[in-house]
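Summary of structural features
In case you want the letters, here they are:
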Amino acid sequence: MKCKKCKENAVLADPALCKKHFLSYYEKKVSDTIKKYKLISKSDKVCVATSGGKDSTAVLYLVQKFLKPKKGQLQALLIDEGIAGYRDHTAKDLKKFCSENDIELKIASFKGSFGKTLDKILKSGRIRLKPCTICGTLRRYLLNKHAKGFDIIVTGHNRDDECQAVMMNLLRQQTEILARLGPMTGMAKRKGFVQRVKPLYFCSEKETALYALLMGFDVSFNECPNIIDSYRADVREMLNNHESRHSGAKQGIIESFIRELPKLKKQYSGSGPAICVKCGEPSSDKVCGACSLAAQIRTCSNTVRI
Amino acid sequence: MEILIEKSGMKEDILFTGSVGQLLSRLKINPETILVVKNGTVVTEDEKLNNKDTVKILSVISGG
């Protein structure tokens, strides 16, 4: 297959583009998303939530490229959950990337914040929640806490991640959570909540992997070992199977969702984060999910520092 | 043809002539979830393969 813009061999079939034209296409798509949804402004202090994986490394690279930040304007933030054989590898890749690109990197860990690594929390068997639920709750808490002082948190969520989130919440009838999705998360600006934005919103997982590969980013393409029995993994497989038979299905979901999103945000604009009475972080309940979990972790440890 | 499926770590020599798409079909791999690198270059599903090629199949699904 030849590139639709020149005579070189294509590296991607849809759209058919060679390496050079694919890289331009991908970067333009990200840039256009940032501009259209006003995700980042030139004066913003930006915290990029990074894992060392392909998505967050790509978005970190592009934010630095587009923003051309002054000293102190850009920070990478890694939440180290403590997943042996996985996070230690991606953290090593991230440290190298940040060092080579002169990007400040801050690391916050579950062990330092809650007294235990995720591996140990799961091994204790005391918390009867799925690994992704525990990890996601604690990770979001630490992201917001350690991004204080920044205007926005940039995440590497891609189109496939968003499609999965839309489908999961539809299947579970969680329309209020649906209203928090989109290129700019949340319903409205809330005290204590650092706005999260997703510049890769319209880039597929495959496109993002291809971008990372062609750019030569030193990233691993490994999956978190805990995702195997997750609901997300099932939804992801369903969507990938459907996409392979009906090309354009995922894009269709996102386009439809984006059209309906303003109505959802309006409908749920009165609800949203209040303040957790224990830690002072944003919460939809009196006590936030992280504090509830920390209390459960405390039953098997006395070193919770929340 | 030498073939490496990075996700599973499977590496073996197989006899195969045909397109990348036909190889993926034979291996029961969903094209939506992978990138194919032939002799060091990323290729599309219509690319022809022969027994002298080295093929690497990378999973695009990473993270959690």
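Please refer to the structure placed before this passage.
A brief look at the structure comes next. Please read these numbers as outputs of a predicted model, since none were measured by experiment. (Residues numbered from 1 in each chain as written. Chains lettered and ligands numbered in written order. Predicted model: local features only at pLDDT ≥ 70, side-chain atom pairs only at ≥ 80, totals over all residues. Heavy atoms only, no water.)

Now for the pattern of salt bridges. Pairing between side chains becomes possible if they bear opposite charge and their charged atoms approach one another. With the rule as written, the count across this model stands at 18 salt bridges over all chains. In this structure, Lys-28 of chain A and Asp-32 of chain A form a salt bridge, with 2.7 Å as the shortest nitrogen-oxygen distance. Within this pair, Lys-28 of chain A and its partner Asp-32 of chain A are both found in helix H1 (residues 19-36), separated by four residues, close to a single helical turn. The exposure class assigned to Asp-32 of chain A is partly exposed, which follows from its relative accessible area of 33%. Between Lys-54 of chain A and Asp-55 of chain A there is a salt bridge, with its nearest N and O atoms 3.0 Å apart. No difference in accessibility class separates Lys-54 of chain A from Asp-55 of chain A, as the two residues are buried. The network of salt bridges with common partners includes Arg-159, Asp-160 and Lys-250 of chain A together with Glu-32 of chain B. (Salt bridge = Lys/Arg side-chain N within 4 Å of Asp/Glu carboxyl O. Helix = DSSP H or I, 4+ residues; strand = E, 2+ residues; numbered from the N terminus. Buried < 20%, exposed > 50% of the residue type's maximum accessible area, 1.4 Å probe, protein only.)

So, about the interface of chain A and chain B. Residue-level contacts link 28 residues of chain A with 19 residues of chain B. When chain A packs against chain B, the two sides together hide about 1900 Å² of surface, and 56% of this comes from carbon and sulfur. Applying the counting rule to chain A against chain B returns two salt bridges. For Lys-7 of chain B, the salt bridge is made with Glu-223 of chain A, and the minimal N-O distance between the two is 3.1 Å. Between chain A and chain B we count seven residue pairs in polar contact (both at pLDDT 80 or more) in total. Elements represented by at least two residues in the side of chain A that touches chain B include exactly helix H2 (54-67), helix H7 (159-171), helix H9 (205-214) and helix H10 (231-245) of chain A. Its residues placed into classes, the side of chain A that touches chain B shows 13 nonpolar, four polar and eleven charged. (Contact = heavy atoms within 4.5 Å. Buried area = accessible area lost by both parts, 1.4 Å probe. Polar contact = N/O pair within 3.5 Å; in protein donor to acceptor, adjacent residues only side chain to side chain. Nonpolar A, V, L, I, M, F, W, Y, C, P; charged D, E, K, R; others polar.)

This paragraph deals with the packing of H7 of chain A against helix H11 (residues 249-267) of chain A. Residues and elements named next belong to chain A. Between H7 and H11, whose axes approach to 10 Å, the crossing angle comes to 65 degrees. In terms of axis orientation, H7 runs roughly perpendicular to H11. Taken as a pair, H7 and H11 cross one another with a handedness that is left-handed. Contacts between H7 and H11 involve Arg-159, Asp-160, Glu-162, Cys-163, Val-166 and Met-167 on the former and, on the latter, Lys-250, Gln-251, Ile-253, Ile-254 and Phe-257. Across the contact of H7 with H11, the residue classes break down as six nonpolar, one polar and four charged. (Axes fitted to C-alpha atoms, helices over the stretch in contact; angles between N-to-C directions. Parallel < 35°, antiparallel > 145°, perpendicular 65-115°, else oblique. Left-handed = near helix turned anticlockwise from the far one by under 90°.)

What follows concerns the nonpolar core. All names here are of chain A. Among the nonpolar cores identified, the biggest contains 48 residues, and Phe-22, Tyr-26, Ile-40, Val-46, Val-63, Val-154 and Tyr-211 are the most heavily contacted of them. Per-element tally for this core: the top contributor is H2, with seven residues. The residues touching Tyr-26, leaving out its near neighbours within four places in the chain, are Ala-58, Leu-62, Leu-200, Cys-203, Glu-207, Thr-208 and Tyr-211. With 30 residues, the next largest nonpolar core counts Ile-83, Ile-134, Cys-135 and Cys-291 among its residues. (Core = buried A, V, L, I, M, F, W, Y, C linked by side-chain atoms within 4.5 Å.)

This part covers the packing of aromatic side chains. Residues and elements named next belong to chain A. Counted according to the given criterion, the structure contains ten aromatic pairs over all chains. Taken together, the aromatic side chains of Phe-22, Tyr-25, Tyr-26, Tyr-61, Phe-97, Tyr-211 and Phe-217 make up a single cluster linked through ring pairs. Taking the ring centre of Phe-150 as reference, the NZ or CZ of Lys-45 above it sits at 4.7 Å. (Phe/Tyr/Trp six-rings, centres within 6.5 Å; stacked < 30°, edge-to-face > 60°. Lys NZ or Arg CZ within 6 Å of the ring centre and 35° of its normal.)

What follows deals with the sheet that holds strand S1 (residues 2-5) of chain B. All names here are of chain B. Within the open sheet, the five strands sit side by side as S2-S1-S7-S4-S5. Their pairing is mixed. Each of the sheet's edge strands pairs with one partner strand only, and the pair in question is strand S2 (10-13) and strand S5 (41-43). Pairs of neighbouring strands in the sheet enclose a mean axial angle of 25 degrees, with direction left out of account. Examined bridge by bridge, S1 and S2 share four bridges and lie antiparallel to one another. Each residue of the ladder has a partner; that of Leu-4, found in S2, is Lys-11. (Pairing = 2+ DSSP bridges.)

Shape descriptors only; they carry no functional weight alone.
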